[in-house]
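Structural overview
Below are the chains, spelled out letter by letter.
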Amino acid sequence: MPLLPLRATPAARPRVRSLPRFLPRLLAVLAVVLGTALAAPAPQAHAAVTLSRVSDFGSNPGALTMYVYRPATLPAHPAVVVALHGCTQNAQLYADNSGLPRLADENGFLLVFAETGTANNVSKCFNWFQSGDNRRGQGEALSVRQMAGHAVTAYGADPGRVHVTGLSAGGAMTAVMLATYPDVFSAGAVVAGLPYDCTKDSSPYLCMNPGVDRSPAEWARRVRDAYPSYTGPWPRAAIWYGDQDTTVVPRNATELRDQWTALHGLSQTPTRTTVIGPDATRQDQYLAADGTVAVEVDRVPGIGHGTPVDPGTGAEQCGGTGAPYFLDSICSSRWIARFFGLDTTGPGDPGPGDPDPGDPGSAACWTASNYAHVQAGRATTSGGYTYAVGSGQNMGLYNTFVTHTLKESPTGHFTLADSGCP
């Protein structure tokens, strides 16, 4: 999946006028990046999701197209999730395969799909690398911000719960939106993307592979420079990638982590590490002082470049593999919605009538196998053994046969309570 510029916009970008003499070399590199992906048109999944096009959402300097998915049941002042497709894709393809509409139906939030096309980039990539599009107040970044603003005003959405996510070039553009509009987006999820402003002093190809190493402080400075007068809280950031990705190599996830943990004033050592999903995705979380997850890194084993999905109708499943770059592994959209605070039905969450683990006056109790405790984030695993999060108590072997009861009090601190709970 290419992430690079072959922009066909007129005059605004002088370097585009000199592009033809470099065109053969760029196309040759693109062919290497894409492999066989350009050999034939990408298969399209059946368009099962109904999107509504919005034609007037602002001045739209980036010449993007806006689509909205509105669940049949939408509460007053819903949250908004802006979704940005990857290269060679479009809004419909992303809606049909990402699993996001199912999550919107289940949890009652509004979905906005931004779409770019060949008039902007021959591979239909968002132009995350161009200064005319990755700066506050101009180009594609401003168009996406206008879509978010329109969703708030037109649908009565909650301006304090506007989120953004995207794949590949859309993932890199997600980082752009978090950096340039921290006053608009409260959280974002970058899937197979790159740190903001990597191309300030490096080529896009070098940023993608082998990646560029900068100090956490330098990465953080580049975000601060995107909106120098901003003094508010920084958005929360989730980072997803496949550990076999050779297009946007895993090093970029580490650099993204460095960028966003430094912005939040956090160590680059995770507060807690758990294993989630059917494929044992490793989840590192970096907690702020108030206990919220400020930064999260999810390393999906055994997959390359694409959106992790888990087709099916199960409670933890979502998405489809009917198009390239949707990879059967874990339902990343569900975990992303959970990170945004929009999906509250995850493993280990209290059900009706259960104690509220956020209530300091009560203790929540969980009885499950060691495997399930780790999956739910109540325990971690190391060297084949399981340890309770918070207390660090050894719970025995990491498997589905050893069962323990854990008491959670205060929130996020678990102790063994096999003899009785609370």
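Refer to the structure above for everything that follows.
In short, a report on the structure. (Residues numbered from 1 in each chain as written. Predicted model: local features only at pLDDT ≥ 70, side-chain atom pairs only at ≥ 80, totals over all residues. Heavy atoms only, no water.)

Enumeration over the complete set of coordinates arrives at 3 disulfides. Each sulfur in the disulfide pair Cys87 and Cys125 lies 2.1 Å from the other. Between Cys87 and Cys125, the S-S dihedral sits near 125°, and the bridge is therefore right-handed. Placement of the pair is Cys87 in the loop between strand S3 (80-84) and helix H3 (91-98) and Cys125 in the loop between strand S4 (110-115) and helix H5 (139-155), with a sequence separation of 38 residues. Comparing Cys87 with Cys125, the two get one shared label, buried. (Disulfide = S-S within 2.5 Å. Helix = DSSP H or I, 4+ residues; strand = E, 2+ residues; numbered from the N terminus. Buried < 20%, exposed > 50% of the residue type's maximum accessible area, 1.4 Å probe, protein only.)

Those residues of helix H8 (residues 216-226) not exposed but buried are Glu218, Trp219, Ala220, Arg222, Val223 and Ala226. Summarising the contacts, the buried residues of H8 are in contact with helix H6 (169-180) and helix H9 (251-263). (Contact = heavy atoms within 4.5 Å.)

You can see Gly139 is positioned in helix H5. Linking Gly139 and Asn127, residues 12 residues apart in sequence, is a C-alpha distance of 9.2 Å. Contacts of Gly139, omitting those with residues within four sequence positions, involve Pro61, Gly62, Gly132 and Asp133.

With 65 residues, the main nonpolar core has Val82 and Phe185 as its most contacted residues. For this core, the element with the highest residue contribution is H6, accounting for 8 residues. Filtering out sequence-adjacent residues up to four positions away, Phe185 remains in contact with Val82, Val144, Ala148, Val162, His163, Val164, Met177, Leu178 and Pro235. With 42 residues, the next largest nonpolar core counts Ala79, Leu111, Leu287 and Ile330 among its residues. (Core = buried A, V, L, I, M, F, W, Y, C linked by side-chain atoms within 4.5 Å.)

Two elements in contact, H8 and H9, have axes separated by 8 Å at closest approach and are oriented at 70°. Our classification of the angle between H8 and H9 gives roughly perpendicular. Mapping the contact onto sequence places Pro216, Ala217, Trp219, Ala220, Val223 and Arg224 in H8 and Glu255, Asp258, Gln259, Trp260, Ala262 and Leu263 in H9. Across the contact of H8 with H9, the residue classes tally to 8 nonpolar, 1 polar and 3 charged. (Axes fitted to C-alpha atoms, helices over the stretch in contact; angles between N-to-C directions. Parallel < 35°, antiparallel > 145°, perpendicular 65-115°, else oblique. Nonpolar A, V, L, I, M, F, W, Y, C, P; charged D, E, K, R; others polar.)

Take the sheet that holds strand S18 (residues 414-416) next. With respect to topology, 3 strands assemble into an open sheet ordered S13-S17-S18, the strand pairing being antiparallel. Every interior strand has two partners, whereas the edge strands, strand S13 (364-369) and S18, have only one. Taking each pair of neighbouring strands and ignoring which way they run, the sheet shows an average axis angle of 35°. Pairing analysis gives 3 bridges linking strand S17 (residues 403-408) to S18, with the strands arranged antiparallel. (Pairing = 2+ DSSP bridges.)

Now for the pattern of salt bridges. Following the criterion strictly, the structure yields 16 salt bridges and no others. Residue Asp201 pairs with Arg214 through a salt bridge whose shortest N-O separation is 3.3 Å. Highlighted residues: Asp201 in the loop between strand S6 (187-191) and helix H7 (204-208) and Arg214 in the loop between H7 and H8, separated in sequence by 13 residues. Exposure remark for Arg214: the relative accessible area of 24% places this residue in the partly exposed category. Of the charged contacts in the structure, one is a salt bridge between Glu218 and Arg222, with a shortest N-O distance of 2.7 Å. Note that Glu218 and Arg222 are positioned in helix H8 at a spacing of 4 residues, about one turn of the helix. Per residue, the accessibility class of Glu218 equals that of Arg222, and both read buried. Taken together, the shared-partner salt bridges in this structure form one network comprising Arg102, Glu106, Glu316, Arg334, Arg338 and Asp343. (Salt bridge = Lys/Arg side-chain N within 4 Å of Asp/Glu carboxyl O.)

Shape descriptors only; they carry no functional weight alone.
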